[in-house]
Amino acid sequence: MHITATHINLYHVCHRELWLHAHEIRMENTSDTVSEGKLIHETAYPQRAERYREVVLGGVKIDFYDPKAKVVHEIKKSDKVEAAHLAQVKYYLYVLEQNGIAGATGIIEYPTLRKTETVELTPADRAAIVIWLGEISRLLAQAQCPPLLNKPICKQCSYFDFCYVEE
Ligand code: SF4
């Protein structure tokens with residue numbers, strides 16, 4: 001299976017969510033949180049689609065890339081899973097580099113929080129990404145769904161009903 005930036009993001013949120021998503025068990029359509037996130041993505045910067053390019057590299061899709069400045073822009077609703085957002089954008093930078101575009105940087109934008117975060121790819125990140133890729137491949141090859149996370153983030157997750165229906 002090709003590892004996408006969504007897999008990288010979910011790996012840093014919940015291994016069970018990663019596994020469910022990768023196995024095509026999807027609940028996103030019923031989640032208000034996800035719908036709200038998509039709406040922010042579509043309406044926060046209406047002119048954005050004209051200014052930036054969508055880039056697809058080996059199965060990884062970057063929605064907003066500024067080729068002149070070599071900057072990846074990623075819009076997020078909340079910073080609750082900031083580490084996952086950082087990992088996702090670092091992976092974009094890694095994939096760009098692997099495809100001959102070195103020195104790109106990223107900006108994570110949280111329009112509702114009026115906050116931005118700059119992202120760079122360091123040698124330590126490159127080493128970490130190789131480990132993430134190996135771990136994700138191992139997790140996705142497992143026949144069994146990983147255990148429940150049992151963390152507050154579960155209440156915001158589109159799989160909440162699916163995971164906790166018995167409780
Ligand atoms: S509800 Fe919790 S355990 Fe279930 S997939 Fe979501 S984050 Fe993971």
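All values reported here derive from a predicted model rather than from experimental measurement.

Enquirer: Tell me what's going on with the packing of helix α5 (residues 82-98) against helix α6 (residues 123-141), and back it up with residues and numbers.
Expert: Between α5 and α6, the least distance of the axes is 10 Å, while the angle of their chain directions is 100°. Classified by the angle between their axes, α5 and α6 sit roughly perpendicular to one another. Here α5 contributes Ala87, Lys90, Tyr91, Tyr94 and Glu97 to the contact with α6, which in turn contributes Asp125, Arg126, Ile129, Val130, Trp132 and Leu133. Of the residues that constitute the contact of α5 with α6, the class distribution is 7 nonpolar, no polar and 4 charged.

Enquirer: Which residues make up the site of the ligand, and what values go with them?
Expert: Close to the ligand lie Cys14, Arg16, Glu17, Leu148, Leu149, Cys154, Cys157, Tyr159, Phe160, Cys163 and Tyr164, which account for all nearby residues. Broken down by secondary-structure element, the contributors of at least two residues to the shell around the ligand are α2 (15-22) and α7 (160-164). The greatest single-element share of the shell around the ligand, amounting to 3 residues, is contributed by α7. In terms of residue class, the shell around the ligand is made up of 9 nonpolar, no polar and 2 charged.

Enquirer: Tell me about the packing of aromatic side chains, residues and numbers included.
Expert: The description of an aromatic ring pair uses the distance of the two centres, along with the angle that the planes make with each other. Within the structure shown, the criterion is met by 3 aromatic pairs. Note on Tyr91 and Tyr94: the rings are 6.2 Å apart at their centroids and 20° apart in plane angle, and the pair reads as stacked. You can see Tyr91 and its partner Tyr94 sitting in helix α5, 3 residues apart, about one turn around the helix. One exposure class covers both Tyr91 and Tyr94, and it is buried. Centroid distance Tyr159 to Phe162: 6.3 Å. Interplanar angle 70°. Geometry classified as edge-to-face. In this arrangement the basic side chain of Lys115 is found over the ring face of Tyr110, its NZ or CZ atom lying 5.3 Å from the centre.

The rules behind these values
Residues numbered from 1 in each chain as written. Predicted model: local features only at pLDDT ≥ 70, side-chain atom pairs only at ≥ 80, totals over all residues. Heavy atoms only, no water. Axes fitted to C-alpha atoms, helices over the stretch in contact; angles between N-to-C directions. Helix = DSSP H or I, 4+ residues; strand = E, 2+ residues; numbered from the N terminus. Parallel < 35°, antiparallel > 145°, perpendicular 65-115°, else oblique. Contact = heavy atoms within 4.5 Å. Nonpolar A, V, L, I, M, F, W, Y, C, P; charged D, E, K, R; others polar. Near = heavy atom within 4 Å. Phe/Tyr/Trp six-rings, centres within 6.5 Å; stacked < 30°, edge-to-face > 60°. Buried < 20%, exposed > 50% of the residue type's maximum accessible area, 1.4 Å probe, protein only. Lys NZ or Arg CZ within 6 Å of the ring centre and 35° of its normal.

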